[in-house]
Amino acid sequence: MQLQTQIRYFVPPGNIVRRIWGNADSILFIFAGAAAEFALNKAVDWLYFTGKLPADPLGRLFSTVAYAKQIIFAEEEQALAAIDKITAIHAAVEESRKAVIPDWAYRDVLFMLVFFSIDSYELLYRKLSDAEKEDIYNVFYRVGTRMKLADLPDNFSDALAMHRQQLQTDYEKTNYSIDLYKQYRKHLGSIRFRLLVEAQKLVITPRIRELCGFSNANWLRPVVPVYKLARKLHMGAAIQNMLIPKAYIKQVKALDRLD
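The following refers to the structure shown.

Conventions and cut-offs
Residues numbered from 1 in each chain as written. Predicted model: local features only at pLDDT ≥ 70, side-chain atom pairs only at ≥ 80, totals over all residues. Heavy atoms only, no water. Core = buried A, V, L, I, M, F, W, Y, C linked by side-chain atoms within 4.5 Å. Buried < 20%, exposed > 50% of the residue type's maximum accessible area, 1.4 Å probe, protein only. Helix = DSSP H or I, 4+ residues; strand = E, 2+ residues; numbered from the N terminus. Contact = heavy atoms within 4.5 Å. Expected span 1.5 Å × (residues − 1). Polar contact = N/O pair within 3.5 Å; in protein donor to acceptor, adjacent residues only side chain to side chain. Axes fitted to C-alpha atoms, helices over the stretch in contact; angles between N-to-C directions. Parallel < 35°, antiparallel > 145°, perpendicular 65-115°, else oblique. Nonpolar A, V, L, I, M, F, W, Y, C, P; charged D, E, K, R; others polar. Salt bridge = Lys/Arg side-chain N within 4 Å of Asp/Glu carboxyl O. Phe/Tyr/Trp six-rings, centres within 6.5 Å; stacked < 30°, edge-to-face > 60°. Lys NZ or Arg CZ within 6 Å of the ring centre and 35° of its normal. Patch = residues over 30% accessible without salt bridge, like charges linked within 9 Å, V, L, I, M, F, W, Y side chains within 5 Å. Areas by Shrake-Rupley, 256 points an atom, 1.4 Å probe, with all protein chains shown as cover. Lys, Arg positive; Asp, Glu negative; His and termini not counted. Charge placed at Lys NZ, Arg CZ, Asp CG, Glu CD. Left-handed = near helix turned anticlockwise from the far one by under 90°.

### A word on the nonpolar core
(1) Moving on: Ranked by size, the top nonpolar core spans 82 residues in total, and within it Phe-10, Trp-21, Ile-136 and Tyr-184 carry the most contacts.
(2) Moving on: The element that contributes the greatest number of residues to this core is helix H7 (residues 103–124), accounting for 13 residues.
(3) Moving on: Excluding residues that lie within four positions of it along the chain, Tyr-184 makes contacts with Ala-35, Ala-39, Pro-57, Leu-61, Gly-189, Phe-193 and Leu-196.

As structure tokens, this is what we get:
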């Protein structure tokens, strides 16, 4: 009798990371927060170097989300191959520019995925335990170590401290920031752009809010429980169709996944 080989996943079924990244609502808030931090990061010129970010900022951010999602739900070897592919793509850009992307910039992106995962889930559902936060960090720590990132903390507590420090040193408002927000408005339209900004206010840190020049007022927060109820009544897709540009609806629908 042939024994069935047990499938080894990069993130085991039932892990909190799969729950977060298998939910379109959580990912949309991760997307919103990352859009703010990408615009203000001092290394954003690397994203402008290829021309892909200003040409299609939403698509570029969705591709980042898609890669992360692919890794999270993949079998171990497939996930490692996907991480290696990301490393190779960045290496090719570095070769083209004859410069090296700094490790702190990689860590910033990794921290975006970690901390917006936590903040989005807690905004929409419940507070996470310390153990769950450690699990979330461990997943992305493994991604970072596979990419051979330097000085990456090996636990959540130290990562949180480094993240707070890097928020002070790695972010500033520049002409790139201003241009990227113009591109967000152009690709989203005025109404959807305002929704993006209000969504960002719900998950970004005070430091990023200050750099963006956002007020503390937020009219979207009282709407979140209404949207959660709409999802329970199977009306979430209709609301998403109103909020998301038609060109990206298929990508958003693909974000929902059962563990």
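Still more to cover.
### Description of helix H2 (residues 24–40)
(1) Moving on: Here H2 spans 25 Å end to end across 17 residues, near enough to the 24 Å set by a 1.5 Å rise per residue.
(2) Moving on: Measuring from the backbone nitrogen of Asp-25 back to the side-chain oxygen at the start of H2 gives 2.9 Å, which picks out Asn-23 as the cap.

### Quick notes on the packing of helix H5 (residues 57–72) against helix H10 (residues 175–188)
(1) Moving on: In the contact formed by H5 and H10, the axes pass within 9 Å of each other and the chain directions differ by 95°. Considering their axes alone, H5 and H10 lie roughly perpendicular with respect to each other. Seen from H5, the contacting residues are Pro-57, Leu-58 and Leu-61; seen from H10, they are Leu-180, Gln-183, Tyr-184, His-187 and Leu-188.
(2) Moving on: For the contact of H5 with H10, the per-class residue count stands at six nonpolar, two polar and no charged.

### Brief notes about the environment of Asn-138
(1) Moving on: Secondary-structure assignment places Asn-138 in helix H8 (residues 130–146).
(2) Moving on: Judged by relative accessible area, which is 38%, Asn-138 ranks as partly exposed.

### Here's the deal with the side chain of Asn-23
(1) Moving on: Take Asn-23: it is sitting in the loop between helix H1 (16–21) and H2.
(2) Moving on: With a relative accessible area of 14%, Asn-23 lands in the buried category.
(3) Moving on: At 3.0 Å, the side chain of Asn-23 and the backbone nitrogen of Ser-26 are in polar contact.

### Here we look at the pattern of salt bridges
(1) Moving on: Taken as a whole, this structure holds 10 salt bridges when the rule is applied.
(2) Moving on: Of the charged contacts, one joins Arg-146 and Asp-84 as a salt bridge, the two residues approaching to 2.8 Å between their closest N and O atoms. In this pair, Arg-146 is assigned in helix H8 and Asp-84 in helix H6 (residues 76–97), connecting sequence segments 62 residues apart.
(3) Moving on: Owing to a relative accessible area of 35%, Arg-146 belongs among the partly exposed residues under this scheme.
(4) Moving on: Relative accessible area serves as the criterion here: at 32%, Asp-84 is assigned to the partly exposed category.
(5) Moving on: Between Glu-122 and Lys-127 there is a salt bridge, and its shortest N-O distance comes to 3.8 Å.
(6) Moving on: Judged by relative accessible area, which is 17%, Glu-122 ranks as buried.

### Considerations on unusual backbone geometry
Working note: non-glycine residues mostly have negative phi, and peptide bonds are mostly trans.
(1) Moving on: Residue Lys-98 is not a glycine yet carries a positive backbone phi of 60°.
(2) Moving on: Relative to the helices and strands, Lys-98 resides in the loop between H6 and H7.
(3) Moving on: Positive phi, normally seen in glycine, also occurs at Lys-148, with a value near 60°.
(4) Moving on: Its location among the elements puts Lys-148 in the loop between H8 and helix H9 (156–169).

### Quick notes on the packing of aromatic side chains
(1) Moving on: Within the structure shown, the criterion is met by nine aromatic pairs.
(2) Moving on: Judged by centre distance (6.0 Å) and plane angle (65°), the rings of Phe-111 and Phe-115 are edge-to-face. Of the two residues, Phe-111 and Phe-115 both sit in helix H7, four residues apart, roughly one turn of that helix. Phe-115 carries the same exposure label as Phe-111, and that label is buried.
(3) Moving on: These aromatic residues form a ring-pair network of at least three members: Tyr-181, Tyr-184, Phe-193 and Phe-214.
(4) Moving on: The ring of Tyr-9 has Arg-18 sitting right over it, with the charged end atom 5.2 Å from the ring centre.

### What to know about a negative patch on the surface
(1) Moving on: There is a patch of like negative charges on the surface, built from Asp-130, Glu-134, Asp-135, Asp-154 and Asp-158.
(2) Moving on: By residue number, the principal contributor to the negative patch is H8, which donates three residues.
(3) Moving on: The residue Asp-130 is located in helix H8 in this model.

### So, the packing of H2 against H7
(1) Moving on: Here H2 crosses H7 at 135°, and the two axes come no closer than 8 Å. The angle between the axes of H2 and H7 places the two elements in the oblique class. As H2 runs across H7, the sense of the crossing is right-handed. Counted together, Asp-25, Ser-26, Phe-29, Ile-30, Gly-33, Ala-34, Glu-37 and Phe-38 of H2 and Val-109, Met-112, Phe-116, Ser-117, Ser-120, Tyr-121, Leu-123 and Leu-124 of H7 form the full contact between these two elements.
(2) Moving on: A breakdown of the residues in the contact of H2 with H7 according to their chemical character gives 10 nonpolar, four polar and two charged.

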